Amino acid sequence: GGDGGHDGFRSEVTIDGTDGLLALLKGRAPFAVRAVTLHYDHRHETARAQIERGDGGRAKALEQFWKAPSTRGGRADRAGEAWICGTCTFVHDGSREKNFLACKICGSPRCRPEEAAGRTEGPSVPQTEGPLVPRTENASAESGPAPTADATSVPPGTISWDLRWTSAHHNHKRRRRALDAPPPAMDHLIVLDFEWTADDRRRMLPVAEITQFPSVALQLRDVRSGRVAPDRRGVTHGGLPPDLTDAPPPGATHDARAVSSFDTFVRPTLNPALTDFSIRLTSISQDQVDAAPTIGAVVHRYVTWLGSLGLVDGGGSRVGHWSFVTWGDSDIMQTLRLELRHKSIPLPPCFDRWINLKSPGVFRRHYNREPKGGLRSCVESVGAKWEGRAHNGFVDSVNTAKIVRNMVQTGYQFTRPTRGLDKCGVPFGQKG
């Protein structure tokens, strides 16, 4: 049980008892706990945990469980401030990332150094001082050195804490082995660009609502080898321009061809009357949204469409190696997530990852320039022809897909998402 409050962009949730800390530290509580308070800053997307000891001791911030005290004359050990994801081997360092409880790239939970080392071939490396890591007293000898002197009085099966970290040399070798085998390229990309209720004079309360829900499905293939992703059902070209469906230009080694599309208007229910600003911006009329289904029905139809392409299972979970592609983070991270949460509609699991083309590692990295001047300017800057009226969701999705196809044809490989949502629905990853 607990209580919560909301003030502007900040939230505070208090969890009574030991369960809150157990959830944060994967079931390893170092002392009796009275309460755990989570402070979440919505504006900066950061969280801080304050733990109140049940034995009368001083409250501690969660970062103290991951930070080692200095052992070099007051100087902190920089190697002890970083940790490596045991799944994708991404190195987390810096004042914020060193305290993350999950990988910001793949979302895997943070684990003990010896657990991460167990996933990589090679002999174990002696451990030295570093962050606080929990260990059980009845663990096997292979899991680490013998209990410290301070922990000998702890009964078997309870928790003690050691100061240990995996050597920087071993971390570098593990990182190098992961880079030797690059991740595979994705076989499908779903480009989407929502439109939603808006006003130039006030904020839409309690949340903005989607009024158009479009997407373009691209199938990626290696032109040289003829390797194509598995055939998908529901392949259609209706409404898609030829430069998204025609054969690739001579000399292209890879291609991203449009195979299907989805588009529907959505009827808002919290603010059913569209503002004049919204109508002028999107050209979506009041009659169009009044005759449209609500967001719950649209999401169900959308997941069914993804299923017809073989991209999700019956529960809406992702099948295969693919991702959504957006022109910004707002579509999924803000608008869709917050509207469904406010209306108590489950967010389909497949929406947990996406690629923001405006992230530094995507458009800017490939074209060596910033994605400035708006979507139309960027589409035309890569040599593609702009289609239709801007701020129509389907038109924007089609034109964004043209950028994606050009990137693939000119050598860019889409292998990883740039942002996502963890199991609690909290965003993580690289800001665009």
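Being a predicted model, the structure only gives us computed values, none of them experimental.

Caption draft 1: Region of interest: the packing of helix H11 (residues 374–381) against helix H12 (residues 393–409). With their axes 9 Å apart at the nearest point, H11 and H12 run at an angle of 35° to one another. For the crossing formed where H11 meets H12, the hand is left-handed. Between H11, through Leu-375, Cys-378 and Val-379, and H12, the contact on the second element is made entirely by Asp-396, Asn-399, Thr-400 and Ile-403. A breakdown of the residues in the contact of H11 with H12 according to their chemical character gives four nonpolar, two polar and one charged.

Caption draft 2: Expanded view of the nonpolar core. By size, the foremost hydrophobic cluster in this structure holds 32 residues, and its most contacted members are Leu-218, Leu-357, Ile-403, Val-404 and Phe-414. Counting residues per element, the ones that place at least two in this core are strand S10 (188–192), strand S13 (215–222), strand S15 (254–262), helix H10 (360–367), H11 and H12. Looking at this core, the element that brings in the most residues is H12, giving eight residues. Non-local contacts of Val-404, meaning those with residues more than four positions away in its chain, are made with Leu-189, Val-191, Leu-218, Val-325, Leu-357 and Phe-414. Judged by nonpolar contacts, the second largest core, of 29 residues, contains Trp-305, Leu-311, Met-333 and Phe-351.

Caption draft 3: Summary view of the pairing of strand S16 (residues 322–326). Of all five residues making up S16, five are buried, and the element is well covered by its neighbours. Here S16 shows a buried face lined by Trp-322, Phe-324 and Thr-326 and a second buried face lined by Ser-323 and Val-325. By the bridge criterion, four bridges tie S10 to S16 in an arrangement that is parallel. Across the sheet, His-188 pairs through a bridge with Trp-322, a residue of S16. Pairing between S16 and strand S17 (residues 353–356): three bridges, direction parallel. Bridging across to S17, Phe-324 finds its partner in Trp-354. Traced from S16 through helix H9 (residues 330–342) to S17, the parallel crossover comes out right-handed.

Caption draft 4: Looking closely at the side chain of Asn-399. Checked against the element boundaries, Asn-399 lands in helix H12. Taking the relative accessible area as the measure of exposure, Asn-399 reaches 0% and is therefore buried. A polar atom in the side chain of Asn-399 sits 2.7 Å from the backbone oxygen of Val-395. Beyond its immediate chain neighbours, meaning those up to four positions away, Asn-399 contacts Val-379, Lys-385, Trp-386 and Glu-387.

Caption draft 5: Looking closely at the environment of Thr-294. Within the secondary structure layout, Thr-294 lies in the loop between helix H7 (286–290) and helix H8 (295–308). The partly exposed category is assigned to Thr-294, whose relative accessible area is 27%. When neighbours within four sequence positions are excluded, Thr-294 is seen to be in contact with Val-266, Arg-267 and Thr-269.

Caption draft 6: Looking closely at H11. Within H11, burial applies to Leu-375, Cys-378 and Val-379. Considered in projection along H11, the buried side chains sweep an arc of 100° and stay on one side of the axis. In this structure, the buried residues of H11 make contact with H10 and H12. Phi turns positive, to about 90°, at Gly-383, one or two residues after H11.

Caption draft 7: Representation of the packing of aromatic side chains within the structure. One pass over the full model with this rule turns up 13 aromatic pairs. A centroid spacing of 5.4 Å and a plane angle of 45° characterise the contact between Tyr-302 and Trp-305, whose relative ring orientation is tilted. With Tyr-302 and Trp-305 both in helix H8 and three residues apart, the pair spans about one turn of that helix. Relative accessible area serves as the criterion here: at 0%, Tyr-302 is assigned to the buried category.

Caption draft 8: How the structure looks around the pairing of S17. Of the two faces of S17, both are covered, the one formed by Arg-353 and Ile-355 as well as the one formed by Trp-354 and Asn-356. Where S17 meets strand S18 (residues 419–421), two bridges bridge the pair, whose relative direction is antiparallel. In the sheet register, Trp-354 faces S18, and the bridge partner there is Arg-419.

Caption draft 9: Structural context of H10. For H10, the set of buried residues is Val-362, Phe-363 and Tyr-367. Looking straight down H10, one finds that the buried residues subtend no more than 65° of arc, so they occupy a single side. The secondary structure elements touched by the buried residues of H10 are S17, H11 and H12. Among the residues trailing H10, Asn-368 stands out with phi positive, at a value near 60°.

Caption draft 10: Structural context of the pattern of salt bridges. Applying the stated rule across the entire model yields 12 salt bridges. The shortest N-O distance in the salt bridge between Asp-222 and Arg-224 comes to 3.4 Å. For Asp-222, a relative accessible area of 13% gives the class buried. Since its relative accessible area comes to 60%, Arg-224 is described here as exposed. A single network of salt bridges, built from pairs that share partners, joins Glu-209, Glu-339 and Lys-343.

Definitions and limits used
Residues numbered from 1 in each chain as written. Predicted model: local features only at pLDDT ≥ 70, side-chain atom pairs only at ≥ 80, totals over all residues. Heavy atoms only, no water. Axes fitted to C-alpha atoms, helices over the stretch in contact; angles between N-to-C directions. Helix = DSSP H or I, 4+ residues; strand = E, 2+ residues; numbered from the N terminus. Left-handed = near helix turned anticlockwise from the far one by under 90°. Contact = heavy atoms within 4.5 Å. Nonpolar A, V, L, I, M, F, W, Y, C, P; charged D, E, K, R; others polar. Core = buried A, V, L, I, M, F, W, Y, C linked by side-chain atoms within 4.5 Å. Buried < 20%, exposed > 50% of the residue type's maximum accessible area, 1.4 Å probe, protein only. Pairing = 2+ DSSP bridges. Right-handed = clockwise from strand over helix to strand, strands pointing away. Polar contact = N/O pair within 3.5 Å; in protein donor to acceptor, adjacent residues only side chain to side chain. Arc of directions from axis to C-beta. Phe/Tyr/Trp six-rings, centres within 6.5 Å; stacked < 30°, edge-to-face > 60°. Salt bridge = Lys/Arg side-chain N within 4 Å of Asp/Glu carboxyl O.

Honestly, it's all geometry; don't read function into it.
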